[in-house]
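Listed below, chain by chain, are the residues.
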Amino acid sequence: MRPNCVRPKLHHIALATVGAAVATSATSGCSRAVAASPETVPASEYTLTIYKDDFAMVHDLRQVNVGNGASELRLPGVSKQLDPSSVLFDWPGSGPQPEVVSTMYNVGVTSSQELLKRMVGQDVTVVYRGQNGEPGDKAEGRLEEANQGTVLHTKDSYIIDPSGEIHAPADKQIVTMPELVASVQSQSAGQRQVGLSYLTRGLSWSADYVGLLTPDGKTMRLECWGTIDNQTGTNFDHAALRLVAGSPNRAVQNQVALHQEMPMQVNESRITDGALSGGVMAKMPAPVQVAGDLYTYKLPDTASIEQGQMNRARIATAEQVPITRTYNVSLSEDVPGIQQRIPAQTTIAFLNSQSGGLGIPLPSGTLRAYESDEGVRSYIGASEIADTPKSQRLSLTLSNAFDVFTRANLDSSRRLGKHKTERTYTIELHNEKSKEVDMKVTQSFYEAVQLGEQSVKPNKADSSTLEWRLKVPAKGVLKLRSEVFLNR
């Protein structure tokens, strides 16, 4: 009689590495997945050059023992999404350099079912456990099927889909963790440093910005953060980080998908900003380096980038960035009517210059803006920032304003001739705030427009667009009357 057992929910799979006993569950019944801890990966020094959009270059420096003549190096702990065609070796140090004559990449097993398939033909033991978790009956035999089901051939019977744990000695030919195997020719034996570089998917980063506006709305504290996402299935401990802004051409091959479920965690690392003074960008914690037409942000401290985690690191901080806050309204020539309320859009603008508190290449990302009033911070909106070189002006629309709006009406339209039409508009600017605001109103037409009588003369942004920039008093309404002539 087998003892009763409890069927578990198998969501995450842990696999043993070479040199440890392997225990895995059968494919059906009330079994459990059990595995020994993986063997320690040889200590490595990592440099991660991470691009946006799921793309990175890994440089891995480690100590290895090289034999005299032909020998084989097994390098575990590489990415599960490594591009084998991108692998490059280097040998720091003096003396004759070993030569890599061939390489083989083994992604390892990605599930307990795949591990079972590789054990077909081996002698295994099935262990049944009671509800108290203690081992009970055992059955020994040869594993003969592990595809659609599991078949164990014992001395006198076949056990189909055993409900216990399947235990087997580790087979050194079965690789359970990703590894790169290199065949090496060397003129001498001994310990050497080898550098391994490769391209991989599964590593990416994104920039995001946090802006805190002062109560007077004239300046903003701006922080730039880099968020690193590791889905390679591999840990990179104490890695030097380089984040690249820009998009190089890529030739990364599609690799084996990562099948293991990995819990997502977010780690936040506040890297030292240095002294802040006078509204000028603080000493950069991430010095900017030019690499062709790309920019690289080199983070000063190493960080452990664990698989399945998102890590945030501060790239830069500016304490006081002068900003211009305006309320924008865009109208067409077919205005909706005086009864319809058109909310203004809240916009902030600033110059990416040293005199403006910045003056560094800004990587593309999302800015989230907050406002502080009497010690209470409120979220006021978000906007996308494109890759922005130095000395460029940014204009970011954050939200629709609640109490700054416009009403517009077409008062008259009459034909003056075969190819000329006169139109007259009334535009009301409303400000329900307790302080004066700057408003920009643009009106676009389908073709070139000529000005007639105007209560406030607009600028012409182009031949078919009029633009007014006005100050609207607190709790006030400002009316515009505009006459235009269209060639139609």
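Predicted, not measured: the structure shown is a model, and the values here were computed from it. (Residues numbered from 1 in each chain as written. Predicted model: local features only at pLDDT ≥ 70, side-chain atom pairs only at ≥ 80, totals over all residues. Heavy atoms only, no water.)

1. What to know about the overall build of the chain
A tally of helices and strands in the chain yields 1 helix and 33 strands. Going through the 488 residues of the chain one by one, you find that 47% of them count as buried. For the chain, contacts bridging at least 24 residues in sequence account for 72% of all contacts bridging at least 6. (Helix = DSSP H or I, 4+ residues; strand = E, 2+ residues; numbered from the N terminus. Buried < 20%, exposed > 50% of the residue type's maximum accessible area, 1.4 Å probe, protein only. Contact = heavy atoms within 4.5 Å.)

2. Structural notes on the sheet that holds strand E30 (residues 449-454)
Here we have 9 strands laid out as an open sheet, ordered E30-E33-E28-E27-E24-E23-E29-E32-E31, and mixed in their pairing. The sheet terminates laterally at E30 and strand E31 (459-462), the two strands that pair on one side only. Within the sheet, the average angular offset between the axes of one strand and its neighbour, ignoring direction, is 35°. In this structure, E30 lies alongside strand E33 (residues 476-486), joined through 4 bridges in antiparallel fashion. Bridging from a neighbouring strand, Leu451 pairs with Val484 of E33. (Pairing = 2+ DSSP bridges. Axes fitted to C-alpha atoms, helices over the stretch in contact; angles between N-to-C directions.)

3. Observations concerning the pairing of strand E4 (residues 55-66)
Pairing between strand E3 (residues 44-51) and E4: 8 bridges, direction antiparallel. Within E4, the residue paired with Tyr46 across the bridge is Asp60. Between E3 and E4, which pair antiparallel and follow one another directly, the connecting turn spans 3 residues, one of which, Asp53, has a positive phi of 65°. Bridge analysis of E4 against strand E14 (residues 190-200) gives 11 bridges, and the strand direction is antiparallel. Counted as the bridge partner of Asn65 is Gln191 from E14.

4. Focus: the nonpolar core
Note that soluble globular proteins tend to have their nonpolar side chains buried in a common cluster. Residues Leu48, Ile50, Phe89, Leu203 and Phe236 are the most contacted members of the largest nonpolar core, which totals 56 residues. Counting 24 residues, the second largest nonpolar core, distinct from the first, contains Met439, Val449, Leu466 and Leu486. (Core = buried A, V, L, I, M, F, W, Y, C linked by side-chain atoms within 4.5 Å.)

5. A look at the pairing of strand E24 (residues 337-351)
Across 5 bridges, the pairing between strand E23 (residues 324-332) and E24 is antiparallel. What sits directly across from Thr324, in E24, is Ala349. In textbook terms, the turn of a hairpin is the stretch between consecutive antiparallel strands, and for E23 and E24 this stretch comprises 4 residues. Looking at chain direction, E24 and strand E27 (residues 393-417) are connected through 10 bridges and run antiparallel. Bridge pairing links Ile342 to Thr406 in E27.

6. Overview of the sheet that holds strand E13 (residues 179-186)
Think of a sheet as strands paired side by side through backbone hydrogen bonds, with each pair either parallel or antiparallel. Taken together, 3 strands build an open sheet; the order of strands is E5-E13-E7 and the sheet is antiparallel. A strand with exactly one partner marks an edge of an open sheet, and here the two such strands are strand E5 (69-76) and strand E7 (99-106). The average angle at which neighbouring strand axes cross in this sheet is 20°, direction not considered. Strand direction decides the pairing type here: E5 and E13, joined by 8 bridges, are antiparallel. Residue pairing for E13: Pro76 is matched across the bridge by Glu179.

7. A few points about the side chain of Ser372
Mapped onto the elements of the fold, Ser372 is located in strand E25 (residues 365-373). Residues contacting Ser372, with those up to four places away along its chain left out, are Leu212, Leu213, Thr214, Pro215 and Arg377.

8. Description of the pattern of salt bridges
Summed over the entire model, instances satisfying the criterion amount to 16 salt bridges. When the shortest N-O distance is used, the salt bridge between Glu72 and Arg74 registers 3.1 Å. When its relative accessible area of 48% is taken as the criterion, Glu72 is described as partly exposed. The partner of Lys471 in a salt bridge is Asp438, and the shortest N-O contact between them spans 2.7 Å. Of this pair, Lys471 sits in strand E32 (residues 465-472) while Asp438 sits in strand E29 (residues 437-444); the two residues are 33 residues apart in sequence, bridging distant segments of the chain. Judged by relative accessible area, Asp438 falls into the partly exposed class, the value being 27%. (Salt bridge = Lys/Arg side-chain N within 4 Å of Asp/Glu carboxyl O.)

9. Observations regarding the packing of aromatic side chains
This model, assessed by the stated rule, comprises 5 aromatic pairs. Plain terms: the ring middles of Tyr425 and Phe445 are 6.2 Å apart, the flat faces sit at 70° to each other, and that makes the pair edge-to-face. Highlighted residues: Tyr425 in strand E28 (residues 420-431) and Phe445 in the loop between E29 and E30, separated in sequence by 20 residues. Accessibility assignment for this pair places Tyr425 and Phe445 in one class, buried. Seen from the ring of Trp225, Arg312 lies directly overhead, with NZ or CZ sitting 4.5 Å from the centre. (Phe/Tyr/Trp six-rings, centres within 6.5 Å; stacked < 30°, edge-to-face > 60°. Lys NZ or Arg CZ within 6 Å of the ring centre and 35° of its normal.)

10. A look at unusual backbone geometry
The phi dihedral of Ser391 is positive, around 70°, even though this residue is not glycine. Here Ser391 is to be found in the loop between strand E26 (376-385) and E27.

11. Notes on the confidence of the model for the chain
Taken as a whole, the chain shows an average pLDDT of 79; of its residues, 77% reach a score of 70 or greater. Throughout residues 25-41 the model reports pLDDT below 50, and contacts reaching past four residues in sequence, or to other chains, amount to 51 contacts. Segment residues 252-285: pLDDT under 50, and 91 contacts once partners within four positions in sequence are set aside and those in other chains are kept. (pLDDT = per-residue confidence, 0-100.)

12. Points about the environment of Asp403
Looking at the element boundaries, Asp403 is found in strand E27. In the structure, Asp403 is positioned 27 residues away from His430 in sequence and 7.7 Å away in space, judged by C-alpha atoms. Contact partners of Asp403, with chain neighbours within four places excluded, come to Arg341, His430, Asn431, Glu432 and Lys433.

13. Structural notes on the environment of Ala146
Examined against the element boundaries, Ala146 turns out to sit in strand E9 (residues 135-146). By relative accessible area, which is 3% here, Ala146 ends up buried. Between the C-alpha atom of Ala146 and that of Lys117, which follows or precedes it by 29 residues, the distance is 5.1 Å.

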